[in-house]
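# Structural overview for review
Residue strings, one per chain:
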Amino acid sequence: QVQSVLAVRVGTVSSFYSSSTSTTTVNLSSANQNGSASIYVLSNQSYSIGISSLNLGKIVHSTDPNFYIPYSTTLSGSNISLTSDYSLNNNPITQTSGAEFPLTFSIQMTPSSSLFGEYNDTITISINPME
């Protein structure tokens, strides 16, 4: 019997799959309104990718949650919404080098209309076997 292999890693774009784990930070600012990362998956069975946003697709001010800035997200070139959990189903078995799913984030921000300070969101990515 061959055991199931399911692994996910988030890292920089075009860096291929590796077994190292890390937290990836994407910085968005009024000067740099676009950011990117990639999801890398290694799987020997069909799988789904789940993506969720703690703040439902908004970066929220670190000390005043009444201030937030919505952002847009694309996965492999297609717009996705993080206002609720997102799922990409029925992905095929990957090659041994894994499969890459580029993520891009962008904001439209006018600094004069935003409260000064840091804004944050946490995105959780998971893979699950398809039966």
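Above this note sits the structure.
Residues numbered from 1 in each chain as written. Predicted model: local features only at pLDDT ≥ 70, side-chain atom pairs only at ≥ 80, totals over all residues. Heavy atoms only, no water.

Alternating residues of strand 8 (residues 99–107) divide into Ala-99, Phe-101, Leu-103, Phe-105 and Ile-107, all buried, and Glu-100, Pro-102, Thr-104 and Ser-106, none buried. Bridging between strand 2 (residues 34–43) and strand 8 involves eight bridges; their strand directions are antiparallel. By the bridge assignment, Tyr-40 is partnered in strand 8 with Glu-100. Sheet topology note: the strand 5 (residues 68–75)/strand 8 ladder contains five bridges and is antiparallel. Residue pairing in the sheet places Leu-75 in a bridge with Leu-103 of strand 8. (Buried < 20%, exposed > 50% of the residue type's maximum accessible area, 1.4 Å probe, protein only. Helix = DSSP H or I, 4+ residues; strand = E, 2+ residues; numbered from the N terminus. Pairing = 2+ DSSP bridges.)

The subject of this paragraph is the sheet that holds strand 10 (residues 123–129). With antiparallel pairing, the three strands of this open sheet are ordered in space as 7-3-10. Sheet topology places strand 7 (86–91) and strand 10 at the edges, where each strand pairs with a single neighbour. The sheet shows a mean angle of 15 degrees between the axes of neighbouring strands, direction not considered. Summarising the sheet, strand 3 (residues 47–53) and strand 10 pair through seven bridges and their orientation is antiparallel. In the sheet register, Ser-53 faces strand 10, and the bridge partner there is Ile-123. (Axes fitted to C-alpha atoms, helices over the stretch in contact; angles between N-to-C directions.)

Next up on the list: the nonpolar core. By size, the foremost hydrophobic cluster in this structure holds 22 residues, and its most contacted members are Ile-39, Ile-49, Ile-51 and Phe-101. Elements represented by at least two residues in this core include exactly strand 2, strand 3, strand 5, strand 8 and strand 10. For this core, the element with the highest residue contribution is strand 8, accounting for five residues. If we ignore the near neighbours within four places in the chain, the residues touching Phe-101 are Ser-38, Ile-39, Val-41, Tyr-47, Ile-49, Leu-75, Ser-76, Leu-88 and Asn-91. (Core = buried A, V, L, I, M, F, W, Y, C linked by side-chain atoms within 4.5 Å. Contact = heavy atoms within 4.5 Å.)

A word on unusual backbone geometry. At Ser-76, a residue that is not glycine, the phi angle is positive and equals roughly 50 degrees. Within the secondary structure, Ser-76 is located in the loop between strand 5 and strand 6 (78–80). Ser-76 gets classed as partly exposed once you look at its relative accessible area, which sits at 40%. The backbone of Asn-90 shows a phi angle near 60 degrees, a positive value even though the residue is not glycine. Inspection of the secondary structure puts Asn-90 in strand 7. Residue classification places Asn-90 among the exposed positions, given a relative accessible area of 59%.

This structure, assessed with the given rule, holds one aromatic pair. An angle of 70 degrees between the planes, with centres 5.9 Å apart, marks the rings of Tyr-71 and Phe-105 as edge-to-face. You can see Tyr-71 sitting in strand 5 and its partner Phe-105 sitting in strand 8, a full 34 residues away along the chain. We note that Tyr-71, like Phe-105, is buried. Looking at Lys-58, its charged tip hangs above the ring of Tyr-68, at a distance of 4.8 Å from the centre. (Phe/Tyr/Trp six-rings, centres within 6.5 Å; stacked < 30°, edge-to-face > 60°. Lys NZ or Arg CZ within 6 Å of the ring centre and 35° of its normal.)

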